[in-house]
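# Residue-level structure breakdown
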Amino acid sequence: MLAALICSASPNALDAQPTRDSTARGRRPQAGERGSGGRGFSDRATMERRFEARLNEILRTKLRLSDDQLRQLRAVSNRVEREKRDLWRSEEHIRGELRRQLLASEPASESRIAELLDSLPRLERRRIDAMEQEQRELARFLAPSQRARYFALQDEIRRGMQEMQRGRLGGSGDRGNRGASDGGGRPPKSAPPRQGPPGSRP
């Protein structure tokens, strides 16, 4: 069930499926192409609903949640995810600005760099504060064991997504490396040096 959830969460899961109109014409849709009449948007909405339903089922089963607990958990998790995305965007903006300052043709502004560096620890403190607030909110309706299972499940899904991303990025490179070491690309083994009679010059 968890593997199915991770596959559904893949950003390429929807685009990899041909639309019904394209299949009827005997060809696969091109990149960025959608079916007629907004079918692509309808398919994406269907995928999102299936993802939500599967996620709710996993949470209910793994954490042994009641309907009221599940409703409260999803409300807290949606708010926390929005806050995490905002913090991530802020950090990406700061790091991008630091790169621009250091790589600019004119001399970098030391005061601006110091300001950007000082803002990174503040972001980290906001991240810790958000985590503590999440724990306090979850503690209102979840037992400690349920909270522990919830965070373990989050880590499991996150690791699964990272493994999928690494697999997609490294697949072609691994095949290229294997081609140079086996099959026709394997270099011939060098023969051991022949030894002459005793006393001869090598």
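Here the structure is a predicted model, which means the values were calculated and not measured.

So, how was this worked out
Residues numbered from 1 in each chain as written. Predicted model: local features only at pLDDT ≥ 70, side-chain atom pairs only at ≥ 80, totals over all residues. Heavy atoms only, no water. Helix = DSSP H or I, 4+ residues; strand = E, 2+ residues; numbered from the N terminus. Buried < 20%, exposed > 50% of the residue type's maximum accessible area, 1.4 Å probe, protein only. Contact = heavy atoms within 4.5 Å. Core = buried A, V, L, I, M, F, W, Y, C linked by side-chain atoms within 4.5 Å. Expected span 1.5 Å × (residues − 1). Salt bridge = Lys/Arg side-chain N within 4 Å of Asp/Glu carboxyl O. Lys, Arg positive; Asp, Glu negative; His and termini not counted. Axes fitted to C-alpha atoms, helices over the stretch in contact; angles between N-to-C directions. Parallel < 35°, antiparallel > 145°, perpendicular 65-115°, else oblique. Nonpolar A, V, L, I, M, F, W, Y, C, P; charged D, E, K, R; others polar. pLDDT = per-residue confidence, 0-100.

Of regular secondary structure, the chain possesses six helices and zero strands. Counted from the first residue to the last, the chain has its helices and strands arranged as α-α-α-α-α-α. Across the 202 residues of the chain, 25% fall into the buried class. Within the chain, contacts between residues separated by at least 24 positions form 56% of all contacts whose residues are at least 6 apart in sequence.

Counting residues in each nonpolar core, the largest one holds 14 residues, and the members touching the most others are L59, L65, L73 and L138. Among the secondary structure elements, those contributing two or more residues to this core are α3 (39-63), α4 (67-103) and α6 (144-179). The next biggest cluster of nonpolar side chains, apart from the first, holds six residues, and it includes I94, L98, I113 and L116.

Moving on, we get to helix α5 (residues 110-139). Taking 1.5 Å as the rise per residue, α5 with 30 residues should run 44 Å; its terminal C-alpha atoms sit 45 Å apart, in good agreement. Buried within α5 we find I113, L116, S119, L123, A130, E134, E137 and L138.

Moving on, we get to the pattern of salt bridges. With the rule as written, the count across this model stands at 15 salt bridges. Residues R60 and D67 are paired through a salt bridge, measuring 2.4 Å at the closest nitrogen-oxygen approach. With a relative accessible area of 35%, R60 lands in the partly exposed category. Between R89 and D86 there is a salt bridge, and its shortest N-O distance comes to 3.3 Å. Note that R89 and D86 are positioned in helix α4 at a spacing of three residues, about one turn of the helix.

A separate point is the side chain of R147. Locating R147 in the fold gives a position in helix α6. With no salt bridge to any partner, buried R147 finds its closest opposite charge in E134, at an N-O distance of 9.8 Å. With residues near it in sequence (within four places) discarded, R147 still touches Q135, L138, A139 and L142.

What follows deals with unusual backbone geometry. Even without being a glycine, R64 presents a positive backbone phi close to 55°. As for its placement among the helices and strands, R64 is situated in the loop between α3 and α4.

Before going further, it helps to spend a moment on the environment of L59. Within the fold, L59 resides in helix α3. By relative accessible area, L59 is classed as buried at 4%. The sequence separation of L59 and L153 amounts to 94 residues, and the corresponding C-alpha distance is 8.5 Å.

Contact geometry of α4 with α5 gives a least axis separation of 10 Å together with a crossing angle of 170°. Considering their axes alone, α4 and α5 lie roughly antiparallel with respect to each other. Its residues placed into classes, the contact of α4 with α5 shows 14 nonpolar, four polar and nine charged.

What follows deals with the environment of F141. Within the secondary structure, F141 sits in the loop between α5 and α6. Counting along the chain gives 68 residues from F141 to L73, while the straight-line C-alpha distance between them is 8.4 Å. Once residues within four sequence positions are removed from consideration, F141 is found in contact with Q69, Q72, L73, V76 and Q146.

Turning to the confidence of the model for the chain, a few remarks are in order. Considering every residue of the chain, the mean pLDDT works out to 74; 63% of them sit at 70 or more. Scored below 50 in pLDDT, residues 6-27 shows 42 contacts in the model against residues more than four places distant or in partner chains.

In this structure, R126 sits in helix α5. Take R126: its relative accessible area is 45%, and that puts it in the partly exposed class. For R126 and E83, which are 43 residues apart along the polypeptide, the C-alpha to C-alpha distance reads 9.7 Å.

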